[in-house]
Amino acid sequence: MSEAFHQFTMGLRDFIKDYFLSFWDYETPKVMVVKNRTLGVIYRGVQFFVITYFIWYVFISQKAYQESETRPESSVYTLMKGSAVHGDDILDTVEYARPSEGGDVISTILRREVTYNQKQGTCAEHFEVPNANCKTDSDCVQGEVDFDGHGRRTGRCVQYYNHTFKTCEIQTWCPIEEYAVVREPALVEAINFTVFIRNSIHFPRFKVLRGNIKDASNKRNMQKYLNKCQYDEEKEPYCPNFRLGFIANQARENFTELCRTGGVIGVFINWKCNLDLDASNCKPTYSFRRLDLRKDQANSGYYYRFAKYYSKDGVQSRTLIKAFGIRLDVIVHGHAGKFSPIPTIISTVTAMTSVGICTIICDWIMLTFIDKNEVYSDRKFDEVIKEPTVPIPTELSYINSFSSNLSDLSEGVPL
């Protein structure tokens, strides 16, 4: 037992000693010339791919030579403009825009469902509410509040308005919305409503401030321009006026369907600025996309409720309005870049280092698939104990004028 332990200890000591001594060895690549057409084509092909990737994608497309800023400071102001005829009424922005002027979110009412003359009192619960249907008072628990319902139960079972069946009586605003609602026609003229979007963006690192409105010589000319222009990507890129119909079309949405269910549309303002050029070339681009989930019926569309309160015969009353519309969320993205020597040096060194991948790949192919008789590996790896006093020529190697050990392996190797 002691002898086995002694042998184990000696072996471990020799291993640690060899590892420690080999740690201080110096390794240098050995230059070999392998005249193999297949390997040469692979080598140059990989080189071409790596160099093309860095020149086209890294430097030209991604502009890796630039210092960049991706979190600019931004301000958004929105305003809805337009008027529409709705029955005998003329609607303006106060009636259909929420808020009429605001920040990065603004909504427009396209259709309303109105419940008139609601008053505080008692009435029958809607029959679709769970456990609302009843036959006797014992089926209704006094004081119970169903969060899917409309109010607090009184404990009585009453006739459901002018129907023959009964539901539990509740204390709430009566009559309830589902029974007395009046569905108004859609505001189809809203397709021509105009959304004014003013956006300014600041890149503090480069001290550049830009806006999405075209500069004018004076305020009067500016106001005339803003009153007449409509955004066009080619002709009017600096006009901040967008028709709702244009926004819906760009988001690939049917405006009639939006009037029925409502929806949330994102207005994306993208600033991609190359500050190596003049700052006037920094222009915004716009894109539009539906944000709410259309496939999920429970979460699709956009609507909200609000009420108008008034006093009638000394009793407080209200008109409840369920409004369906388009909500616009303005989202700003910014990216600015400018030449800087530090990222240029880093990217250049990375590119030059990555070229070394070509040698690693070709060495692996050569030693794994081509070196059948281990001729390449015998010449590839040499161990020099000490510097020889007299150069020893080999059969397949020679020393070039730069003292590099080059091996010509074009003969004697089965491929």
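To be clear, the structure that these remarks concern was listed above.
Here is what the cut-offs are and how they apply
- Residues numbered from 1 in each chain as written.
- Predicted model: local features only at pLDDT ≥ 70, side-chain atom pairs only at ≥ 80, totals over all residues.
- Heavy atoms only, no water.
- Salt bridge = Lys/Arg side-chain N within 4 Å of Asp/Glu carboxyl O.
- Helix = DSSP H or I, 4+ residues; strand = E, 2+ residues; numbered from the N terminus.
- Buried < 20%, exposed > 50% of the residue type's maximum accessible area, 1.4 Å probe, protein only.
- Disulfide = S-S within 2.5 Å.
- Pairing = 2+ DSSP bridges.

> Even after reading the chapter, I still don't get the pattern of salt bridges, so can you show me in this structure?
Opposite charge on two side chains lets them pair, provided their charged atoms get close. Taken as a whole and judged by the stated rule, the model has 13 salt bridges. In this structure, the salt-bridge partner of Arg-305 is Glu-177, at a minimum N-O distance of 3.1 Å. Pair noted here: Arg-305 is in strand 16 (residues 303–312) and Glu-177 is in helix 4 (residues 177–180), with a separation of 128 residues, a long-range link. Using a relative accessible area of 10% as the deciding quantity, one classes Glu-177 as buried. Overlapping salt bridges bring together Arg-111, Glu-113 and Arg-183 as one network.

> Any chance you could explain the state of the cysteines here in plain terms?
Chemically, a disulfide is nothing more than a covalent bond linking the sulfur atoms of two cysteines. Scanning all chains against the criterion turns up 5 disulfides. Between the sulfur atoms of Cys-273 and its disulfide mate Cys-282 the distance is 1.7 Å. For Cys-282, a relative accessible area of 3% puts it in the buried group. With its disulfide-bonded cysteines labelled consecutively along the sequence, the chain is connected as 1-6, 2-4, 3-5, 7-8, 9-10. Take Cys-358: it sits in no disulfide, and the sulfur closest to it among the cysteines is that of Cys-362, at 6.9 Å.

> Where do I start with the pairing of strand 17 (residues 315–339) in this structure?
Two faces belong to every sheet, and in a regular strand the side chains alternate between them. The pairing of strand 1 (residues 66–69) with strand 17 spans 4 bridges and is classified as antiparallel. Counterpart to Glu-67 in the pairing with strand 17 is Lys-338. Examined bridge by bridge, strand 7 (residues 105–124) and strand 17 share 12 bridges and lie antiparallel to one another. Each residue of the ladder has a partner; that of Arg-111, found in strand 17, is Phe-324. The sheet contact formed by strand 14 (residues 263–274) and strand 17 spans 12 bridges and is parallel. Bridge pairing in strand 17 places Val-264 opposite Arg-327. Two strands pair when backbone bridges link them, and strand 16 and strand 17 are joined in this way by 10 bridges, in the antiparallel orientation.

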